[in-house]
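Architecture at a glance
One-letter residues, chain by chain:
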Amino acid sequence: MYYAQRQGLGPWIKNNMKKGLDQLAQAFSLSFWQEKAKVAAFFPFYHAVEAEPQPHISPLYPLISPQQFEAELKLILAHFEPIDLGELLAWVEAGRPARKPFFHLSFDDGLSSCYHVIAPILLRLGVPATFFINGAFIDNKRLMFRHLAALIYSHLAAQKVLAPKDAKLLFSAGHAQEAELLAWADRIGCSVPDFLVQKQPYLKLEELRALQTMGFSIGGHSWDHPLYKKLSLEEQLLQTEKNQQQLALWLRQPIRAFAFPFTDHEVGLDFFDRSNLDLSFGGAGIKEEMQLGRHIQRFPMEEMRIRSGEQKLKSAFAYGSLLRSLGKSKIDRRKTARRLS
Ligand SMILES: [Zn+2]
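As annotated in an unreviewed UniProt entry, the protein chain is Polysaccharide deacetylase family protein from Saprospira grandis.

Given below as C-alpha cells:
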C-alpha cells in the first residue's frame, strides 16, 4: 500500500492487474492463449544473443544466451510456421488472407552477434529472418548514443563510482546529447574509439553482405537511431531515406523494409504516406494497426526480467487477448495526425 500512497492509486492498480493477468496467463497452455488472442501471425524480434554480459548492452536489457534463444525458437516453431520477408510482403499485398499460423523473425541494431551467434542458429533450424540496420554504425564507425550511455554506465559501475544521479542522467540523454556523452566518456578514461576497434560491436559491411548471401533479408532502422516522435516529419523522412539509400548502394535489396528505432509511438500517418516503404515494423507487442496495411507490430522478446520463452509468450498472448476483448488491440493513428497538425 505504501507504493500506492506514494505513486497514486492508478499505477498501483495497473501494476497489480498486470501481476494478476500474468498469474492467470501462466495457469493455461500456450495454445489456449494463442487461440484466445487469435494470433495467426506472430512477429517476435530481438537485438542480440550473447553468452557473456556486454558493457554496451547489458545495462539496457537482459541478454539472451544462445541456449535460451534456441529454446525460444523451437517453442515458436512448434506453434507457427516460419516465413521470409518476401512471403510476408506477398501475404500483406494479397490482403492478409487466412492461412496456417506463421511467424516472421527480425533483429534490430545490426549488432555483431547477428552474424557470429544468431545466423548460424537460424541456418541450423531453417528459420528465415530480417536484420534491421543503421547505416551510421556499420563497420564500427560510431557508437549509438544509447550503447554509449550503457558503456559509460558499465565503466562507472566497474570502477565502483556509479552514483544514482549518473544512471539517471545517462539514460535520459537523447540522440542530440551524443557529443556530451562522448565528452563524459573521455573524462572518465573510457575510450570509445578503442572500444569500437577492439570490441567491434556492430556488423562489418562484409558480414552484412554475407548475411544477405545466406538468404536473410536486410532492412533499414534509420540512419543513426533517433526517437522518431521527437523529430519533425521532414527529419523522420530524411533519417529513413538516407539509410535506405545507403543500404541500396551496399546491397540491392528487393524489398524496402524498415523498423522504427525505439518506437513508432506518435508517428503520424503522413510519414507512412510519404516514406514509400514496402513494409514497416513497430515494436508495440500483440497489436494491429487500424489504418496501415503495410505496417506491422512486433513483439519484443527481450524483457526486463529473464523468463522462459513459454512464460513470455503466454503472458504476451494473454495480454493480447485482454486488449482484444476490451477493443484496444488496434492502434488508431488518426488521433496522432490530428494532434500534430
Ligand atoms: Zn534499435
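We are not done yet, so read on.
What follows concerns the environment of L279. Within the secondary structure, L279 sits in strand β9 (residues 279–282). For L279 and F258, which are 21 residues apart along the polypeptide, the C-alpha to C-alpha distance reads 6.5 Å. Discounting residues that sit within four places of it in the chain, L279 has contacts with L85, L88, L89, V92, R256, A257, F258, R294 and I296.

What follows concerns the domain arrangement of the protein chain. Looking at the assigned domains, one finds that the protein chain contains domain 1 (37–139 + 201–310) and domain 2 (144–200). Relative to domain 2, the C-alpha centre of domain 1 lies at a distance of 26 Å. On the domain 2 side, the residues contacting the 18 residues of domain 1 number 14 residues. Overall, the association of domain 1 and domain 2 removes approximately 1500 Å² of surface from exposure, summing both partners, and the carbon and sulfur fraction of that is 68%. Looking only at domain 1, the three residues that lose the most surface to domain 2 are H56, L60 and P201, adding up to 33% of its buried area. The tally of links between domain 1 and domain 2 comes to zero salt bridges. Across the domain 1-domain 2 interface, the total number found is seven residue pairs in polar contact (both at pLDDT 80 or more).

A cluster of basic side chains, namely K36, K38, R96, R324 and K330, defines a positive patch on the protein surface. Note on placement: R324 falls in helix α14 (residues 309–325). Take R324: its relative accessible area is 36%, and that puts it in the partly exposed class.

What follows concerns a nonpolar patch on the surface. Taken together, the side chains of L24, F28 and F32 present a nonpolar region at the surface, about 250 Å² in accessible area. When you line up the elements, F32 lands in helix α3 (residues 30–37).

Looking now at the packing of aromatic side chains. A full pass over the atoms with the stated rule returns 26 aromatic pairs. Aromatic pair F28 and W33: ring centres 5.8 Å apart, planes at 85°, arrangement edge-to-face. Here the aromatic rings of F145 and F262 are separated by 5.8 Å at their centres, their planes lie at 55°, and the arrangement is tilted. A residue pair is termed long-range when its members are at least 10 positions apart, and F145 in helix α7 (residues 145–158) and F262 in the loop between β8 (257–259) and α13 (269–274) qualify at 117 residues. Look at F145 and you get buried, because its relative accessible area is 5%. Grouped by ring-pair contacts, the aromatic residues Y46, F69, F107, F131 and F216 constitute a single cluster. Geometry around Y319 places K18 over its ring, the cationic atom sitting 5.6 Å from the centre. Note that R298 overlies the ring of F45, its terminal NZ or CZ placed 3.8 Å from the centroid.

About the cut-offs
- Residues numbered from 1 in each chain as written.
- Predicted model: local features only at pLDDT ≥ 70, side-chain atom pairs only at ≥ 80, totals over all residues.
- Heavy atoms only, no water.
- Helix = DSSP H or I, 4+ residues; strand = E, 2+ residues; numbered from the N terminus.
- Contact = heavy atoms within 4.5 Å.
- Domains from an automatic or database assignment.
- Buried area = accessible area lost by both parts, 1.4 Å probe.
- Salt bridge = Lys/Arg side-chain N within 4 Å of Asp/Glu carboxyl O.
- Polar contact = N/O pair within 3.5 Å; in protein donor to acceptor, adjacent residues only side chain to side chain.
- Patch = residues over 30% accessible without salt bridge, like charges linked within 9 Å, V, L, I, M, F, W, Y side chains within 5 Å.
- Areas by Shrake-Rupley, 256 points an atom, 1.4 Å probe, with all protein chains shown as cover.
- Lys, Arg positive; Asp, Glu negative; His and termini not counted.
- Charge placed at Lys NZ, Arg CZ, Asp CG, Glu CD.
- Buried < 20%, exposed > 50% of the residue type's maximum accessible area, 1.4 Å probe, protein only.
- Phe/Tyr/Trp six-rings, centres within 6.5 Å; stacked < 30°, edge-to-face > 60°.
- Lys NZ or Arg CZ within 6 Å of the ring centre and 35° of its normal.

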